[in-house]
Amino acid sequence: MASSVAQKRLFHEYKNLSTNPPEGITAGPVTEDDMFHWEALIQGPEGTPFDGGVFAAELKFPRDYPLSPPTMKFIGGGVWHPNVYPNGTVCISILHPPGDDPNHYEHASERWSPIQSVEKILLSVMSMLAEPNDESPANVEAAKMWRERRAEYEKKVRDEVKKGLGL
Amino acid sequence: MTEEEHSLNIPSLLTLAVVSYFVLRWFFKRDDGSAGGGRGRGRGNAVDPAQVEQIAQMFPQLSTRDIMWDLQRNGGVLQRRQRGSSQGVDWKLYVFADADKNPPPSFQPPVAIPSTNTPPTQTTTAAPALKADGQDLISRGTPSKTTWSQNKEERQQLLQKRRDDMILAARRKMMQKNQGDAQ
C-alpha cells in the first residue's frame, strides 16, 4: 500500500521533471518497471571547476518515500568533492532523514521532509558542487585539498571532468 | 458541392498556372539570358504541385511559398535530403539551417496554393506514411519540445534522448574549448 503511494508520487515527480526540467538537469527512472531506481544527469555549475561536465548519479528511493529520503550516488568515475564519499555517495543535509541531528550543525529545515522533492535534491547537489560545505567532509582528502591547496583541487576536478566526458 | 468542385479543380488549376508561369518565365528569361545567366538552373526544377503538397505534409511549419521557392531554386528539400543523408549529414539541420531557405520578398509563387491544412483527396495513398514519417522527423529535429508522452516506451526513449543530447552537447562544448585552448 505504502509503496503504491511512493510510486505515484515518484511518477508525478518524473512527469514534472520531464515537462518542466530545471536547467542542466535530466532525471528519471532507469526503467518504469522499477520507479524506485532513478538515474540523473547534472551539469556542472558555471564558473566552477565542474563547469562543462555532466555527472551521472543514481538515486535509490525507499519504499516509504517521501517519508524517508532517497540515497544518491555518483556513478562512472569519482567526483572529487569534500561532500562526496570516495565511493560516490553524496552527503548533504537534504538527503538526511528528519529528526534530531546528532552533530547539531544542520537545521531541521535543511534536512529531508516530504515537502522536498527530487528536483530540490538535484538543485541542492548542483549548488553543493559550487560551494562545498566544509563542516562535514565525506571525503577528508578532498576537503583538505580544497581548504589548503585550492589550485590543485580545481585542477584535479577539471581533469576528472574531462575524463568523465571521455576526452 | 462547391467544395467538391473546388478540390477537384485545384490540381488542374495548379498545373495550368505552373506551366504558364514557366512558359512566361522562360520567355522573359530568354531576353535577358546573357545578362543573368550566371545562376544555372536545372531543367528538372519545375514545381510539381504534388511535390509541394508532399513537402507541406512533411514540414507543416513551412509555408507553401517557402516550399515553392525551395523547389524552384534548389530542387526541393526531398532532393537535398537525399544529398544530405548520402554524405552522412543530419539533413534536418541541413535543411532548416539553410540561410537561403527563405525566399526574398520579391519572390512571387507561381500560383496561390490553398491552405495545406485541407489536403486534396487524391493523395490519400501516399499521405499517411509520409505524414507519420514527417511528424517523427520533426519531433526528432526539435528534441526540447516533446519531453513527455502517454506511452511508456516513448517516454523511455524521450528520456534516453535527452540524456544522450545532454552528454553530446557537453562533449562537443568541451572539445571546442580544448581546441580554443590549444590555439
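Just so it is clear, the model here is predicted, and its values are computed rather than measured.

Moving on to the overall build of chain A. When its secondary structure is counted, chain A shows 4 helices and 4 strands. Residues counted as buried form 35% of the 167 residues belonging to chain A. The contacts of chain A with a sequence gap of at least 6 include a subset with a gap of at least 24, amounting to 51%.

One finds Ala40, Ile42, Ala57, Leu59, Leu122 and Val125 of chain A to be the most contacted residues of the largest nonpolar core, which totals 41 residues. Of all the secondary-structure elements, those providing two or more residues to this core are α1 (2-19), β2 (34-43), β3 (54-60), β4 (71-74), α2 (118-130), α3 (140-148) and α4 (150-164) of chain A together with α8 (152-182) of chain B. A per-element tally of this core places α2 of chain A first, with 7 residues. Excluding anything up to four places from it in sequence, Ala57 of chain A contacts Ala40, Ile42, Met72, Lys73, Phe74 and Ile75 of chain A. Judged by nonpolar contacts, the second largest core, of 8 residues, contains Leu14, Val52, Ile67 and Trp69 of chain B.

All names here are of chain A. Tracing the chain through its elements places Met35 in strand β2. Between the C-alpha atoms of Met35 and Ala6, which are 29 residues apart in sequence, the distance is 8.6 Å. Among residues more than four places away in sequence, those in contact with Met35 are Gln7, Leu10, Phe11 and Pro29.

Moving on, we get to the sheet that holds strand β1 (residues 25-31) of chain A. Across a sheet, strands are paired by hydrogen bonds formed along the backbone, either parallel or antiparallel in direction. All names here are of chain A. Spatially, the 4 strands line up as an open sheet ordered β1-β2-β3-β4, and their pairing is antiparallel. The sheet terminates laterally at β1 and β4, the two strands that pair on one side only. Direction aside, neighbouring strands of the sheet carry axes that sit 25 degrees apart on average. Alignment of β2 against β3, held across 7 bridges, turns out to be antiparallel. Residue Leu41 lies in a different strand from β3, and its bridge partner there is Ala56.

Moving on: α3 of chain A. Residue and element names in this part refer to chain A. Turning to α3, its buried residues number three or more, namely Ala142, Ala143 and Trp146. For α3, the angular spread of the buried residues around the axis is 100 degrees, confining them to a single face. In α3, those exposed residues whose orientation departs by more than 90 degrees from the buried face are Val140, Glu141 and Glu148. For α3, the secondary structure elements touched by its buried residues are α4.

Note: β3 of chain A against β4 of chain A, 4 bridges, orientation antiparallel. Within β4 of chain A, the position partnered with Glu58 of chain A by the bridge is Lys73 of chain A.

Turning next to the UniProt feature "active site" (unreviewed entry) in chain A. Residue and element names in this part refer to chain A. Annotation from UniProt places "active site" (unreviewed entry) at Cys91. Turning to its location among the elements, Cys91 is positioned in the loop between β4 and α2. For Cys91, a count of 18 C-beta atoms within 10 Å puts it in the partly exposed group. Excluding residues within four positions of it along the chain, Cys91 makes contact with Asn83, Val84, Tyr85, Ser136 and Ala138.

Turning to α4 of chain A, a few remarks are in order. Residue and element names in this part refer to chain A. Between its first and last C-alpha atoms α4 spans 21 Å; for 15 residues at 1.5 Å apiece the expected length is 21 Å, and the two agree. When α4 is considered as a whole, its buried residues turn out to be Tyr153, Val157, Val161 and Gly164. Viewed along the axis of α4, the buried residues span an arc of 75 degrees, placing them on a single side of the element. Along α4, exposed side chains directed more than 90 degrees from the buried face belong to Ala151, Glu152, Lys155, Asp159 and Lys163. Elements in contact with the buried residues of α4: β3 and α3. Backbone geometry just after α4 places Gly166 at a positive phi near 75 degrees.

Contacts between the two partners involve 16 residues from chain A and, on the opposite side, 16 residues from chain B. For the side of chain A that touches chain B, the secondary-structure elements that each account for two or more residues are α1 and β1 of chain A. Grouping the constituent residues of the side of chain A that touches chain B by class yields 5 nonpolar, 8 polar and 3 charged.

A word on the environment of Ser127 of chain A. Residue and element names in this part refer to chain A. Along the chain, the position of Ser127 falls in helix α2. The exposure class assigned to Ser127 is exposed, which follows from the 11 C-beta atoms found within 10 Å. Spatially, the C-alpha atom of Ser127 lies 7.4 Å from that of Pro45, the residues being 82 residues apart in sequence.

Residues and elements named next belong to chain A. Note that β1 and β2 share 6 bridges and pair antiparallel. Within β2, the residue paired with Thr26 across the bridge is Leu41. Hairpin connection, β1 to β2: the antiparallel pair is bridged by 2 residues.

Calculation notes
- Residues numbered from 1 in each chain as written.
- Chains lettered and ligands numbered in written order.
- Predicted model: local features only at pLDDT ≥ 70, side-chain atom pairs only at ≥ 80, totals over all residues.
- Helix = DSSP H or I, 4+ residues; strand = E, 2+ residues; numbered from the N terminus.
- Buried ≥ 20, exposed ≤ 12 C-beta atoms within 10 Å, placed from the backbone.
- Contact = placed C-beta atoms within 7 Å.
- Core = buried A, V, L, I, M, F, W, Y, C linked by C-beta atoms within 7 Å.
- Pairing = 2+ DSSP bridges.
- Axes fitted to C-alpha atoms, helices over the stretch in contact; angles between N-to-C directions.
- Arc of directions from axis to C-beta.
- UniProt positions renumbered as here; feature names shortened; annotations may be inferred.
- Expected span 1.5 Å × (residues − 1).
- Nonpolar A, V, L, I, M, F, W, Y, C, P; charged D, E, K, R; others polar.

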